[in-house]
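Structural description and commentary
Each chain is listed here by its residues.
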Amino acid sequence: MKTKLKYFLPVAVVCIALFALKSDINVTPDADNAGLKLPAGFGALKVAETGARARHLIVTAQGDIYVKLARPNKDGKAILVLHENADGKALLIGGFANYGGTGIYIKDGYLYASSNTEVFRYKLDAQNKVIDQDHPEKIITGLKMGREHETKSIVLDNAGNIYVNVGAYSNSCQEHDRQLGSMGIKGCPILDSAGGIWQFKANKPNQTYGEGVRYATGLRNVVGLDWNQQDNQLFVMQHGRDQLHDIFPDMFTVKQSAELPAECMYALKKGDNAGWPYMYYDQIQHKKIMAPEYGGDGKKEAAGNFIDPAAAYPGHLAPNGLLFYTGNMFPEKYKNGAFIAFHGSWNRAPEPQAGYFVVFQPFKNGKPYGDWEVFADNFAGSPQKAESGRADHRPCGLAQGPDGSLYVSDDSKGTIYRIIYKK
Amino acid sequence: MKKLLAAVILLPASLCVFAQTKPKTAAIKPGIPASIARGKVVYTKNCLSCHFVDGGGVPNMNPPLVKTSYVLGDKTKLIKVVLNGFAQNVEIDGETYSNNMAPHNFLSDQEIADVLTYVRNSFGNKASAVKAAEVKVVRAANKK
């Protein structure tokens, strides 16, 4: 193994040097499309096997891939740096950051990355390489983290602001989390510092809640989020509440509990309230329904000034990545539409689990338009593995490459996928 | 002092209750296979949604119940997991989990004994049965 590497490394270095500046004309899909099922004309390859919990990722114009890991790997690094060869396969060329987390984003010459309580930024050089890996600026500190929904996802707008999800450390703000029949706490106290999106300045060090703005509230947990450039607006994907049947078995059947509530896409404006924990969205009745913890019965509609979702998807699929496609590689219908990485459910048992795929949601004039469709399927490895919840791979982060390829990370085995369109 | 007095009064009282319900408890079939069968029903209703039908749990969220140090280890500790729930920032056999298990103290001593006997004899586990009397002792000590 060692000797193999000895020969392999110099060859690899030469390859990188030769092809670093070339465009990706030699990228071909793997023979089995990396195990994925895709629409006609698309192909996929495994860019790298990181063997780590690869959460969100970002690809630079120079073909470097920065991958945020949930936890530092065995070398103590929680941001991996990969570089792609001309054939699309990438090598691990470095790593830094000692904090696990989910969020990573590049904007205006800086790489931003989050732990589960803080956000850092690193200055980039003209080649989009991090200049000082060991001394990031701490932008935000002291964010709330409980025992649930602790990850912080990040995105920036075009006006110097950064948006951070602070997930609610609770399922439905019950007096006793997830306990049979336990009712909701009046005026849910979690919402003062979690269960929403906070806005901070992108360039100001050491900001705490006091310097931030609670931009939108009533969002249980958001992992996938993106800035829509057409609308100049923040879009987020909420993870809906769990366990309707477990907690209120007399009101909800096992089957209803597996399907409800919807996983919602929200288009947010400053001051919006999406209604958690007081309500959930029922995608079958197309209604905002009062949560049983707050007096609901599965039918009563929510009372309150809560926004409607922009789009709704089946329950518990766990949307972990959202990306508006602005590239030119894919056919016209994909332009400005949304890709959503559904990590896959757990809270459907004993009903079959679902998800473990990347969905495409068509958009027109900056709004969801028409039905969503499964775009990339079979991350699980087989329908049986998806149904049992024992998936081989679980899609998490999404990124767009400079040529318009779509990258998908997997936080189970750490595979990095690249999906291309072959004309 | 008050406590002691209460115990002196309550103890015979509870023995009376025990004696009265004896015909009922005798209806519960003895033996490990019967306990496992009943435990499976309790598991399906109360535990399966998080720990899954195969006891494998959910990565990073709900721990597996397959040969873990809790499942195969000290019974008192195991009974307390069910009675009190589990929401601690501790490692379970080298992994951490971000979810909260609620207390299941609404289950009877017999139900807790059955479900733990089922868990300790399923998913590849092999361990001694948990008895209702053992749960009763832990529950009583737990209340103090």
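First, a word on scope: everything that follows refers to the structure included in this document. (Residues numbered from 1 in each chain as written. Chains lettered and ligands numbered in written order. Predicted model: local features only at pLDDT ≥ 70, side-chain atom pairs only at ≥ 80, totals over all residues. Heavy atoms only, no water.)

**Some remarks on empty space enclosed by the protein**
Residues and elements named next belong to chain A. Heads up, the condition is: In this analysis the probe radius is 1.4 Å and the grid spacing 1 Å, with only protein atoms considered; a cavity is a set of points the probe fits into but cannot get out of, a pocket is an open set with protein on both sides within 12 Å along at least five of seven lines, and lining residues have an atom within 4 Å of a point. Grid points are joined across faces, edges and corners, and a volume is the space filled by probe spheres set on the points. Only runs of H or I of at least four residues qualify as helices and only runs of E of at least two qualify as strands under DSSP, and these elements are numbered from the N terminus. Under the scheme applied, nonpolar residues are Ala, Val, Leu, Ile, Met, Phe, Trp, Tyr, Cys and Pro; charged residues are Asp, Glu, Lys and Arg; polar residues are all the others, including Gly.
Under the counting rule described, the total for this entry stands at two cavities of 30 Å³ or more. One number sums up the size of the largest cavity: a volume of about 80 Å³. Along the walls of the largest cavity sit 13 residues, with Gln238, Gly240, Met279, Tyr280 and Tyr281 positioned nearest its centre. Where the lining of the largest cavity is concerned, the elements lending two or more residues are β16 (263-268) and β18 (279-282). Ranked by residue count, the leading element in the lining of the largest cavity is β18, at three residues. When the residues that make up the lining of the largest cavity are grouped by side-chain class, the tally is nine nonpolar, three polar and one charged. In this structure, the second largest cavity occupies an estimated 30 Å³ of space. Taken together, Asn228, Gln229, Gln230, Phe324, Thr326 and Asn336 form the lining of the second largest cavity. Of the residues belonging to the lining of the second largest cavity, the class tally is one nonpolar, five polar and no charged.

**Structural notes on the state of the cysteines**
Residue and element names in this part refer to chain A. Cut-off, in case you're wondering: Two cysteine sulfurs form what is called a disulfide whenever their separation falls within 2.5 Å.
For the coordinates displayed, the defined rule picks out one disulfide over all chains. Paired by a disulfide, Cys173 and Cys188 hold their sulfur atoms 2.1 Å apart. An S-S torsion of about 95 degrees defines the bridge between Cys173 and Cys188 as right-handed. Of this pair, Cys173 sits in the loop between β11 (161-166) and β12 (196-201) while Cys188 sits in the loop between β11 and β12, and the two are 15 residues apart along the sequence.

**Concerning the sheet that holds strand β14 (residues 222-228) of chain A**
All names here are of chain A. Convention followed: In this analysis, strands are considered paired if DSSP registers two or more bridges between them. Angles shown run from 0 to 180 degrees and are taken between the N-to-C directions of axes, each axis being a line fitted to C-alpha atoms and, for helices, limited to the stretch in contact.
What the four strands build is an open sheet, ordered β14-β15-β16-β20; its pairing is antiparallel. With one partner strand each, in any of the chains shown, β14 and β20 (311-313) form the two edges of the open sheet. Here the average twist between neighbouring strands, direction ignored, is 20 degrees. In this structure, β14 lies alongside strand β15 (residues 233-238), joined through five bridges in antiparallel fashion. The residue bridging Leu225 from the neighbouring strand is Val236, located in β15.

**Some thoughts on the pattern of salt bridges**
Residues and elements named next belong to chain A. Note the cut-off: When a carboxyl oxygen of Asp or Glu lies within 4 Å of a side-chain nitrogen of Lys or Arg, that pair is called a salt bridge. Three labels apply to residues, based on accessible area from a 1.4 Å probe with only protein chains included: buried if under 20% of the type maximum, exposed if over 50%, partly exposed otherwise in between.
Scanning the entire structure with this criterion turns up 26 salt bridges over all chains. Asp411 is the salt-bridge partner of Arg55, the closest N and O atoms lying 2.9 Å from each other. One end of the pair, Arg55, is in strand β2 (residues 54-59); the other, Asp411, is in the loop between β28 (406-410) and β29 (415-421), and 356 residues separate them in sequence. For the pair formed by Arg55 and Asp411, the shared burial category is buried. Note that Lys129 and Asp64 form a salt bridge whose closest N and O atoms lie 2.6 Å from each other. With Lys129 in the loop between β8 (119-123) and β9 (137-140) and Asp64 in strand β3 (residues 64-69), the pair connects residues that are 65 residues apart, well separated along the chain.

**Re the side chain of His83(A)**
The cut-off we apply is this: As used in this structure description, the phrase polar contact means that two N or O atoms lie within 3.5 Å; if the pair is within protein, one of them must be able to donate a hydrogen and the other to accept it, and residues adjacent in sequence are counted only when both atoms belong to side chains.
In this fold, His83(A) is placed in strand β4 (residues 79-84). Looking at His83(A), its side chain comes within polar contact range of the side chain of Asp64(A), at 2.6 Å.

**Some points on the sheet that holds strand β13 (residues 213-217) of chain A**
All names here are of chain A. Here five strands make up an open sheet; going across it, the order is β10-β11-β12-β13-β17 and the pairing mixed. With partners counted over all chains shown, the strands left at the sheet margins are β10 (154-156) and β17 (272-273), one partner each. Relative to β17, β13 runs parallel, the two sharing two bridges. Bridge assignment links Ala216 to a residue of β17, and that residue is Asp272.

**Considering helix α2 (residues 32-46) of chain B**
Residue and element names in this part refer to chain B. What counts, and what does not: Take the residue count of a helix, subtract one, and multiply by 1.5 Å to get its expected span. Whether two residues touch is decided by their heavy atoms; if any such pair falls within 4.5 Å, the residues are in contact.
With 15 residues, α2 should cover 21 Å at 1.5 Å per step; its first-to-last C-alpha distance of 20 Å lies within 8% of that length. Listed as buried for α2 are Ala34, Ser35, Gly39, Val42, Tyr43 and Asn46. Those residues of α2 that are buried lie in contact with α3 (48-51) and α6 (109-120).

**What to know about the interface of chain A and chain B**
Test applied: Each of two parts loses accessible area, computed with a 1.4 Å probe, when they are put together; buried area is these two losses added.
Listed as interface residues are 20 residues of chain A and, on the opposing side, 25 residues of chain B. For the chain A face of the interface with chain B, the top three residues by lost area are Arg147(A), Trp346(A) and Arg390(A), together amounting to 41%. Applying the counting criterion to the chain A and chain B interface returns three salt bridges. Run the count over chain A and chain B and you get 17 residue pairs in polar contact (both at pLDDT 80 or more). Residue composition of the side of chain A that touches chain B, grouped by class: four nonpolar, six polar and 10 charged.

**Examining the side chain of His56(A)**
Checked against the element boundaries, His56(A) lands in strand β2. From its side chain, His56(A) meets the backbone oxygen of Asn320(A) in a polar contact 2.8 Å long.

**Thoughts on the nonpolar core**
Quick note on the threshold: Think of a nonpolar core as a cluster: buried Ala, Val, Leu, Ile, Met, Phe, Trp, Tyr and Cys residues, connected wherever their side-chain atoms sit within 4.5 Å.
Counting 56 residues, the largest nonpolar core has Tyr66(A), Tyr122(A), Leu234(A) and Leu268(A) as the members making the most contacts within it. Formed by 26 residues, the second largest nonpolar core is a distinct cluster that contains Val42(B), Phe52(B), Phe123(B) and Val130(B).

Any functional reading would require information beyond the geometric quantities listed.
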